[in-house]
Protein chains: 2
Amino acid sequence: MKKFEEKTIHTNHIFNGKMISLQVDEVSLPDGKTSKRELVKHPGAVAVIAITDEGKMVMVEQYRKPLERSLVEIPAGKLEPGEQPHTTAVRELEEETGYTAKRLERVTSFATSPGFADEVIHLYIAHQLSVVEEKLAGDDDEFVELLEVTLDEAERMQQEERIWDAKTAYAVLFARANGLLK
Amino acid sequence: MKKFEEKTIHTNHIFNGKMISLQVDEVSLPDGKTSKRELVKHPGAVAVIAITDEGKMVMVEQYRKPLERSLVEIPAGKLEPGEQPHTTAVRELEEETGYTAKRLERVTSFATSPGFADEVIHLYIAHQLSVVEEKLAGDDDEFVELLEVTLDEAERMQQEERIWDAKTAYAVLFARANGLLK
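Definitions and limits used
Residues numbered from 1 in each chain as written. Chains lettered and ligands numbered in written order. Predicted model: local features only at pLDDT ≥ 70, side-chain atom pairs only at ≥ 80, totals over all residues. Heavy atoms only, no water. Core = buried A, V, L, I, M, F, W, Y, C linked by side-chain atoms within 4.5 Å. Buried < 20%, exposed > 50% of the residue type's maximum accessible area, 1.4 Å probe, protein only. Contact = heavy atoms within 4.5 Å. Buried area = accessible area lost by both parts, 1.4 Å probe. Salt bridge = Lys/Arg side-chain N within 4 Å of Asp/Glu carboxyl O. Polar contact = N/O pair within 3.5 Å; in protein donor to acceptor, adjacent residues only side chain to side chain. Helix = DSSP H or I, 4+ residues; strand = E, 2+ residues; numbered from the N terminus. Nonpolar A, V, L, I, M, F, W, Y, C, P; charged D, E, K, R; others polar. Pairing = 2+ DSSP bridges. Axes fitted to C-alpha atoms, helices over the stretch in contact; angles between N-to-C directions. Least-squares fit on C-alpha atoms with pLDDT ≥ 70 in both. Expected span 1.5 Å × (residues − 1). Left-handed = near helix turned anticlockwise from the far one by under 90°. Domains from an automatic or database assignment.

## Topic: the nonpolar core
Part 1 of the argument: Membership of the largest hydrophobic core comes to 56 residues, with the highest contact counts inside it found for I49, M57 and M59 of chain A together with I49, M57 and M59 of chain B.
Part 2 of the argument: The residues contacting M57 of chain A, other than those within four sequence positions of it, are I49, A50, I51, I74, L147, E148, V149, A171, V172, A175 and L181 of chain A.
Part 3 of the argument: Formed by 14 residues, the second largest nonpolar core is a distinct cluster that contains L22 of chain A together with F15, L22 and A117 of chain B.

## Describing the interface of chain A and chain B
Part 1 of the argument: Contacts between chain A and chain B engage 69 residues on the former and 69 residues on the latter.
Part 2 of the argument: Of the roughly 6,300 Å² buried between chain A and chain B, counting both surfaces, carbon and sulfur atoms make up 65%.
Part 3 of the argument: Counting the contacts that link chain A with chain B gives six salt bridges.
Part 4 of the argument: At the junction of chain A and chain B, the tally comes to 31 residue pairs in polar contact (both at pLDDT 80 or more).
Part 5 of the argument: At the level of elements, β1 (7–16), β2 (21–28), β3 (34–41), β5 (57–64), β6 (69–73), β8 (99–111), β10 (144–149) and α3 (166–177) of chain A are the ones that each hand at least two residues to the side of chain A that touches chain B.
Part 6 of the argument: The class makeup of the residues in the side of chain A that touches chain B is 32 nonpolar, 10 polar and 27 charged.

## Quick notes on the sheet that holds strand β2 (residues 21–28) of chain B
All names here are of chain B.
Part 1 of the argument: Ordered in space as β1-β2-β3, the three strands form an open sheet in which the pairing is antiparallel. The two strands at the open ends of the sheet, each matched to only one other strand, are β1 (7–16) and β3 (34–41). The sheet shows a mean angle of 20° between the axes of neighbouring strands, taken without regard to direction.

## Observations regarding the relation of the copies chain A and chain B
These two copies of the chain differ by a rotation about an axis and a displacement along the same axis.
Part 1 of the argument: You can overlay chain A on chain B at an RMSD of 0.0 Å; the transform is a turn of 180° with a shift of 0.0 Å along its axis. Such a turn and shift between the copies fits a two-fold axis.
Part 2 of the argument: Comparing interface residues between copies, 100% of those in chain A also lie at the interface in chain B; the contact surface is shared.

## Describing α3 of chain A
Residue and element names in this part refer to chain A.
Part 1 of the argument: Look at α3: 16 Å from first C-alpha to last across 12 residues, which is about the 16 Å you get at 1.5 Å a residue.
Part 2 of the argument: Extensive coverage of α3 is indicated by the burial of 10 of its 12 residues.
Part 3 of the argument: Those residues of α3 that sit buried are A166, K167, T168, A169, Y170, A171, V172, L173, F174 and A175.
Part 4 of the argument: Following α3 by one or two positions, G179 has its phi on the positive side, about 60°.

## Observations regarding the pairing of strand β5 (residues 57–64) of chain B
Residue and element names in this part refer to chain B.
Part 1 of the argument: The buried fraction of β5 amounts to eight of the eight residues, a majority that puts the element mostly inside the structure.
Part 2 of the argument: Pairing geometry for β5 and strand β10 (residues 144–149), over six bridges, is antiparallel. Note that in β10 the partner of M59 across the bridge is L147.
Part 3 of the argument: Both β5 and strand β6 (residues 69–73) contribute to a ladder of five bridges, which runs antiparallel.

## Focus: the pattern of salt bridges
Side chains that carry opposite charge are capable of pairing whenever their charged atoms lie near each other.
Part 1 of the argument: By the definition in use, this model includes 31 salt bridges over all chains.
Part 2 of the argument: Here E6 of chain A makes a salt bridge to R37 of chain A, at a shortest N to O gap of 2.9 Å. Taken as a pair, E6 of chain A in the segment before β1 and R37 of chain A in strand β3 lie far apart in primary sequence, 31 residues in all.
Part 3 of the argument: Of the residues examined, R37 of chain A reaches a relative accessible area of 18% and is grouped as buried.
Part 4 of the argument: In this structure, R91 of chain B and E95 of chain B form a salt bridge, with 3.7 Å as the shortest nitrogen-oxygen distance. With a gap of four residues between them, R91 of chain B and E95 of chain B both fall in helix α1 (residues 85–97), about one helical turn apart.
Part 5 of the argument: Exposure remark for E95 of chain B: the relative accessible area of 11% places this residue in the buried category.
Part 6 of the argument: Linked through salt bridges whose partners overlap, the residues forming this network are K3 of chain A together with E61, E145 and R162 of chain B.

## So, the packing of helix α2 (residues 151–159) of chain A against α3 of chain A
Residue and element names in this part refer to chain A.
Part 1 of the argument: As a packed pair, α2 and α3 sit with axes 11 Å apart at the nearest point and diverge in direction by 145°. The element α2 and its partner α3 pack so that their crossing is left-handed. Contacts between α2 and α3 pair L151, A154, E155 and Q158 from the former with A169, V172 and R176 from the latter.

## Side note on the domain arrangement of chain A
Residue and element names in this part refer to chain A.
Part 1 of the argument: Along its sequence, chain A is organised into domain 1 (7–41) and domain 2 (45–177).
Part 2 of the argument: Centre-to-centre, using C-alpha coordinates, domain 1 lies 30 Å away from domain 2.
Part 3 of the argument: Tallying the contact residues gives six residues for domain 1 and five residues for domain 2.
Part 4 of the argument: Considering only the surface of domain 1 that becomes buried against domain 2, M19, V40 and K41 emerge as the three largest contributors, covering 69% of it.
Part 5 of the argument: Where domain 1 touches domain 2, the interface holds one salt bridge.
Part 6 of the argument: Between domain 1 and domain 2 we count two residue pairs in polar contact (both at pLDDT 80 or more) in total.
Part 7 of the argument: Class assignment for the residues of the side of domain 1 that touches domain 2 results in three nonpolar, no polar and three charged.

What follows is the structure, given as C-alpha cells:
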C-alpha cells in the first residue's frame, strides 16, 4: 500500500494545539518532481452506534464551531494518548450519554479526510445498554443534549440536515441496512 | 441550529495554505466561560459514486500523504472558488477517471470532521457513463490509478483496509443497500 509513494524531503512544523497539529511536508513525487502537502495530525477518535432496548439510536446534539451550527451526531470522542479505541468507546458512551453497554463491538474504521488529515474514526456498536448510576463528567467545555431516535426520525433529521456528518450518515445507513432500529 | 452557540471573541489566524487554512478562535461558552477552538478551513469537496454499465463501481487508487499509504477511493476533488458542486463533480469524474455521465444526481452531503474542520463533501451518483475522447488533464502533482470493482471486490478491499475512508465506506454501503452493483 505504498503505490505512488511521496517521500518526505523536509517537514515544516507550523502549529501544535490541544486537539490538532499542522505541518507542511515537502515531498518527492513518483515522477521525481517535488510538491508540498499540508497535513493535519489528529489523535484519532471513536464513535458509537448505541441501540436502546426500544430499538432507538442514541444521539447527542452539540455546537460545532468549525461549521458555526449545532449537529445531531452519534456519541464520539478523541483517543487519549496511548488509549485503546475500545476503552475510549466505553468512556465516551458513558460521558456523553450516561449509558454503559453489555456488548460493544467494532464495526469498522475509516479515515475521515485523507486528503489533508490523518484522523481515523473507529466505529463501534453497543447493545444491551443500561443507565450508569454515577455518570462520568465530560470535558468542562462540552455542552451536549441527549436524544433517542427511531429510524424514521433519524432519516428525517438527515433530510433537514440536522444530522449532517459522515460518521452519523454512515451509522444511520448501517442501521437501516442491518434492520437495527424500530 | 444554534443550540449551545459558541460566540467568537477573537480569531487568531495561524496559517493560510494552498488547500487549507488554520485559525484558533477564542469563544464564549453557554455557561459564560471561555475556551479555544482549533479550526481548519477547507473549500469543500465532491465525491462521485460512478457505476459502469457492467454494474461495477469506479475507484481510484492514490497516495495519501497524511496517512503515509495509498488508498482506494471513489473519485473526488476540491471545489474551486465559487464553483457549484455539480460542476466540480462533472470535472473531477472526467479528470480522475476519463468518464462522463449522462445522469449525475446528488445523493447527500456531509461534514467529514465537524470537531475540527469545516470540510463538507457533496456526494453524487453517476449513471450511463461513457469514455471521453480527450481526457481533461488533472493536477500535475496527482498520480492516480483507475479500478472498476464489483460489490464483492469492494467489500473485500474494505476487509483488507485498502478501502479505508469515510466517503468510500459510505458509498459501498449505499451501493449494497440500494442494489446498485453486480
